[in-house]
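Summary of the model geometry
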Amino acid sequence: MSTEPQKPVRRITVPQIAARKGGEPIVSLTSYHAHTAAIVDRYADFILVGDSLGMVMHGMETTVGVPLDLMIMHGRAVVRGTRRALVVVDMPFGTYEESPNVAFRNAAKIMKETGCGAVKLEGGARMAETIRFLTERGVPVMAHIGLTPQSSHVMGGFKTQGRDADTWPAHIDDAQAVAEAGAFCVVVEGVVEPLAARITEAVDIPTIGIGASAACDGQILVLEDMLGLNPRPPKFVKVYGALAEEIERAVSSYAEDVRQRAFPTEDQVYR
Ligand code: KIV
């Protein structure tokens, strides 16, 4: 084994992500947990501790019920498990919409208690004032427009946005408003391809698509969806793994071994 000291790895920074506009596509995944984050860290430019963890890890119906402390707990785990990727933590519903001051207080708490490098919040033009307030005070903000799951009750569910071209100007205005307010990057979720292309052209910050085609500067997926752990992944997700089957196979073999008393005995392990 080498005794060479490990070279310190510098984390990817917010300006490095911002500088990727129109360049090499930005690779991103969600992660909520130290061990999976350590694997994702080797490949992703940024890792999002998304509030989708409420649905994926905790069985909630929507992200609306996710509390701040839960985001902080998972954010800490992901920061501990990683060394290279920028870690971004979602601000959950109810922690930033009321006023820029409330948003700052909660964003600062997330950054101090997790060690993450940036926060993400949902909303376009309506959140521009808050984004400016945060960035001017040292909080890097990733914006999130298009389909915004925290507003699913207002939107009537998780619906693709921009099917009607009359709605495009509002979405493009949202993108421009968050970019002008200082967001370093914007997630564009669930929009039709021509709208994703217009948004990407309209702003000088990277757009990160999810269910928004390849007309973006990068892509993010929910890790469990692309690993094959979600029995009903969204239609746009390319599934790269078969983890549910693999877990089933391993757990059933284990159960069988235990039933056969084929588990390690004191003799085999502790001698
Ligand atoms: O919470 C989340 O996982 C997200 C992604 C879907 C972008 O916001």
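Since this is a predicted model, take the numbers as computed values, not measurements.

Here is what the cut-offs are and how they apply
- Residues numbered from 1 in each chain as written.
- Predicted model: local features only at pLDDT ≥ 70, side-chain atom pairs only at ≥ 80, totals over all residues.
- Heavy atoms only, no water.
- Helix = DSSP H or I, 4+ residues; strand = E, 2+ residues; numbered from the N terminus.
- Buried < 20%, exposed > 50% of the residue type's maximum accessible area, 1.4 Å probe, protein only.
- Contact = heavy atoms within 4.5 Å.
- Arc of directions from axis to C-beta.
- Pairing = 2+ DSSP bridges.
- Axes fitted to C-alpha atoms, helices over the stretch in contact; angles between N-to-C directions.
- Right-handed = clockwise from strand over helix to strand, strands pointing away.
- Phe/Tyr/Trp six-rings, centres within 6.5 Å; stacked < 30°, edge-to-face > 60°.
- Lys NZ or Arg CZ within 6 Å of the ring centre and 35° of its normal.
- Near = heavy atom within 4 Å.
- Polar contact = N/O pair within 3.5 Å; in protein donor to acceptor, adjacent residues only side chain to side chain.
- Areas by Shrake-Rupley, 256 points an atom, 1.4 Å probe, with all protein chains shown as cover.
- Nonpolar A, V, L, I, M, F, W, Y, C, P; charged D, E, K, R; others polar.
- Salt bridge = Lys/Arg side-chain N within 4 Å of Asp/Glu carboxyl O.

Within the element layout of this structure, Ile-220 appears in strand β8 (residues 218–221). By relative accessible area, Ile-220 is classed as buried at 3%. With 191 residues separating them in the primary sequence, Ile-220 and Leu-29 have C-alpha atoms 5.0 Å apart. Look past the residues within four positions of Ile-220 in its chain and what remains in contact with it is Ser-28, Leu-29, Thr-30, Phe-46, Leu-48, Ile-208, Gly-209 and Ile-210.

Within helix α9 (residues 193–202) the residues assigned to the buried category are Leu-195, Ala-196, Ile-199 and Thr-200. Taken around the axis of α9, the buried residues stretch over an arc of 135°, which confines them to a single face. Its buried side turned inward, α9 meets β5 (141–146), α8 (168–181), β6 (185–189) and β7 (207–210).

The next point concerns the sheet that holds strand β3 (residues 86–90). With parallel pairing, eight strands are arranged side by side around a closed barrel as β1-β2-β3-β4-β5-β6-β7-β8. Within the sheet, the average angular offset between the axes of one strand and its neighbour, ignoring direction, is 25°. Sheet topology note: the strand β1 (residues 26–30)/strand β2 (residues 46–49) ladder contains three bridges and is parallel. Paired with Thr-30 across the strands is Leu-48, a residue of β2. α8 rests against β5 and β6 of the sheet, and its axis sits at about 175° to β5.

A word on the pairing of β1. Counting buried positions along β1 gives four out of five residues, so the element sits mostly inside the fold. Two strands pair when backbone bridges link them, and β1 and β8 are joined in this way by four bridges, in the parallel orientation. Considered in β8, the bridge of Val-27 is made with Gln-219. Crossover β1 to β2 through helix α2 (residues 34–40) is right-handed.

Time to look at the packing of aromatic side chains. For the structure shown, the criterion picks out zero aromatic pairs. A cation over an aromatic ring shows up here: Arg-137 above the ring of Phe-133, its NZ or CZ 3.5 Å from the ring centre.

Further remarks concern the site of the ligand. In the vicinity of the ligand, the contacting residues are Thr-30, Leu-48, Gly-50, Asp-51, Ser-52, Asp-90, Lys-120, His-144, Val-187, Glu-189, Ile-210 and Val-222. Within the side chain of Asp-90, a nitrogen or oxygen atom sits 3.2 Å from an oxygen atom of the ligand. At a separation of 2.9 Å, an oxygen atom of the ligand approaches a polar side-chain atom of Lys-120. Summarising the interface, the protein chains cover 95% of the accessible area of the ligand, which totals 250 Å² for the free molecule. A per-class count over the shell around the ligand returns four nonpolar, four polar and four charged.

Further remarks concern the pattern of salt bridges. Applying the stated criterion across every chain yields a total of eight salt bridges. Measuring nitrogen to oxygen at the nearest pair gives 2.8 Å for the salt bridge that ties Asp-90 to Lys-120. Of this pair, Asp-90 sits in strand β3 while Lys-120 sits in strand β4 (residues 118–122), and the two are 30 residues apart along the sequence. Of the two residues examined, Asp-90 and Lys-120, each falls in the buried class. The closest approach of N and O atoms between Glu-136 and Arg-137, which form a salt bridge, is 3.9 Å. With relative accessibility at 58%, the residue Glu-136 sits in the exposed group. The class for Arg-137 is partly exposed, based on a relative accessible area of 41%. Through salt bridges that share partners, Arg-76, Lys-109 and Glu-113 make up one connected network.

The quantities given are spatial measurements derived from coordinates; they are silent on function.
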